[in-house]
Amino acid sequence: AQSVTQLDSQVPVFEEAPVELRCNYSSSVSVYLFWYVQYPNQGLQLLLKYLSGSTLVKGINGFEAEFNKSQTSFHLRKPSVHISDTAEYFCAVMGPNYGQNFVFGPGTRLSVLP
Amino acid sequence: ETGVTQTPRHLVMGMTNKKSLKCEQHLGHNAMYWYKQSAKKPLELMFVYNFKEQTENNSVPSRFSPECPNSSHLFLHLHTLQPEDSALYLCASSQNTGRDFYGYTFGSGTRLTVV
């Protein structure tokens, strides 16, 4: 079974600074990896996903993530954050087989300060 | 608008009431899900429907009763809830076709408060 760890429950950062949100997973098989964002009082919105191919994945709103198989990580990065990036970010993993469900991480609260 | 619509957005109900949450998707997906999101807790998967058949029930109390009349609609019927059931209830859908999977599409959720 897969599991997901997001070591940082809260990340405060100043506007226009770079940010990295960490995600590590455990799995003995190949997986698909996702990052979702949740703005206040909203559902989850897909930021980006890794299914196969290039390990550097670009998503919406200037975010990108890099899949590192040896370190079983999928960290999310943005070179310059905006106030509007303040939200909860969830990493998720899914096994490659049909019918397997998502496993979500506990989430990281990103607070962008002026 | 993500393509998954949940109604109502907010609901306040007493412990003796009966209410239903509705989820509708027009994405042509064949799987639908109910999640519970409580403050300071991870997302909890409640129910899974694949091709209208319930394939998972994660030990959810019987006061929550799902219904999936067709592949586009999903309901969550609520009765005799407890205050600890207050949470954001999220519906999601996905297209599961063998090896192809592109993630879940979530609705905006229903904020439920049990008084």
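Just so we're clear, the structure is a prediction, and the values are computed from it rather than from any experiment.

(A) Inspection of the nonpolar core at higher detail. Core analysis: the biggest nonpolar cluster contains 27 residues, and A:Leu33, A:Trp35, A:Leu47, A:Leu48, A:Phe74, A:Leu76 and A:Tyr89 have the highest contact counts within it. Of all the elements in the fold, those that place two or more residues in this core are β2 (10-14), β3 (19-21), β5 (32-38), β6 (44-50), β8 (64-68), β9 (73-78), β10 (87-94) and β12 (108-113) of chain A. Per-element tally for this core: the top contributor is β10(A), with four residues. Dropping the residues within four chain positions of it, A:Leu48 is found in contact with A:Leu33, A:Phe34, A:Trp35, A:Val57, A:Lys58, A:Gly59, A:Phe63, A:Glu64, A:Ala65, A:Phe74 and A:Leu76. Counting 22 residues, the second largest nonpolar core, distinct from the first, contains B:Leu11, B:Met13, B:Leu81 and B:Leu112.

(B) Region of interest: the interface of chain A and chain B. Listed by partner, the interface residues are 18 residues for chain A and 25 residues for chain B. With both sides pooled, the region where chain A packs onto chain B buries about 1700 Å², and carbon together with sulfur makes up 58% of that total. Scanning the region where chain A abuts chain B turns up zero salt bridges. Ranked by residues supplied to the side of chain A that touches chain B, first place goes to β5(A) with four residues. By residue class, the composition of the side of chain A that touches chain B is 12 nonpolar, five polar and one charged.

(C) Quick look at the packing of aromatic side chains. Residue and element names in this part refer to chain B. What the rule picks out here adds up to 13 aromatic pairs over all chains. Note on Tyr33 and Tyr104: the rings are 4.2 Å apart at their centroids and 20° apart in plane angle, and the pair reads as stacked. With Tyr33 in strand β4 (residues 31-37) and Tyr104 in the loop between β9 (87-94) and β10 (105-106), this pair connects stretches of sequence that are 71 residues apart. Pair check on accessibility: Tyr33 and Tyr104 agree, each one buried. Summarising the aromatic geometry, the rings of Phe64 and Tyr89 are spaced 5.9 Å apart at their centres and angled 35° between planes, so their arrangement reads as tilted. With a gap of 25 residues between them, Phe64 in strand β7 (residues 64-70) and Tyr89 in strand β9 connect regions that are remote in the sequence. As far as the burial class goes, Phe64 and Tyr89 line up, both buried.

(D) Inspection of empty space enclosed by the protein at higher detail. Overall, the coordinates contain two cavities of 30 Å³ or more when judged by the stated rule. Computed from the structure, the largest cavity encloses a volume of approximately 40 Å³. Lining the largest cavity we find A:Asn41, B:Arg9, B:His10, B:Leu88, B:Ser108, B:Gly109 and B:Arg111. The class makeup of the residues in the lining of the largest cavity is one nonpolar, four polar and two charged.

(E) Representation of the confidence of the model for chain B in the model. Per-residue pLDDT for chain B averages 89, and the proportion of residues at 70 or more is 95%. Mean pLDDT values for the elements of chain B range from 75 in strand β6 (residues 53-57) of chain B up to 97 in strand β3 (residues 18-25) of chain B.

(F) A look at unusual backbone geometry. Omega for the bond connecting B:Thr7 with B:Pro8 falls within 30 degrees of zero, at -10°, which places this linkage in the cis form. Tracing the backbone through its elements, the reader meets B:Pro8 in the loop between β1 (4-7) and β2 (10-13). Phi is positive for A:Glu16, close to 75°, though the residue is something other than glycine. By the element assignment, A:Glu16 lies in the loop between β2 and β3.

(G) Structural context of the pattern of salt bridges. Residues and elements named next belong to chain A. Counting across every chain of the model gives eight salt bridges over all chains. One salt bridge connects Arg77 with Glu20, and the closest N-O pair in it is separated by 2.8 Å. In this pair, Arg77 is assigned in strand β9 and Glu20 in strand β3, connecting sequence segments 57 residues apart. Note on Arg77: relative accessible area 26%, which makes it partly exposed. Across the salt bridge formed by Lys78 and Asp85, the nearest N and O atoms sit 2.8 Å from each other. Given a relative accessible area of 7%, Lys78 falls into the buried group. Within this structure, Glu20, Glu66 and Arg77 form a network of salt bridges that share partners.

What counts and how
- Residues numbered from 1 in each chain as written.
- Chains lettered and ligands numbered in written order.
- Predicted model: local features only at pLDDT ≥ 70, side-chain atom pairs only at ≥ 80, totals over all residues.
- Heavy atoms only, no water.
- Core = buried A, V, L, I, M, F, W, Y, C linked by side-chain atoms within 4.5 Å.
- Buried < 20%, exposed > 50% of the residue type's maximum accessible area, 1.4 Å probe, protein only.
- Helix = DSSP H or I, 4+ residues; strand = E, 2+ residues; numbered from the N terminus.
- Contact = heavy atoms within 4.5 Å.
- Buried area = accessible area lost by both parts, 1.4 Å probe.
- Salt bridge = Lys/Arg side-chain N within 4 Å of Asp/Glu carboxyl O.
- Nonpolar A, V, L, I, M, F, W, Y, C, P; charged D, E, K, R; others polar.
- Phe/Tyr/Trp six-rings, centres within 6.5 Å; stacked < 30°, edge-to-face > 60°.
- 1 Å grid on protein atoms, 1.4 Å probe; cavity = no way out; pocket = protein on both sides within 12 Å on 5 of 7 lines; lining within 4 Å.
- Points joined across faces, edges and corners; volume = space filled by probe spheres on them.
- pLDDT = per-residue confidence, 0-100.

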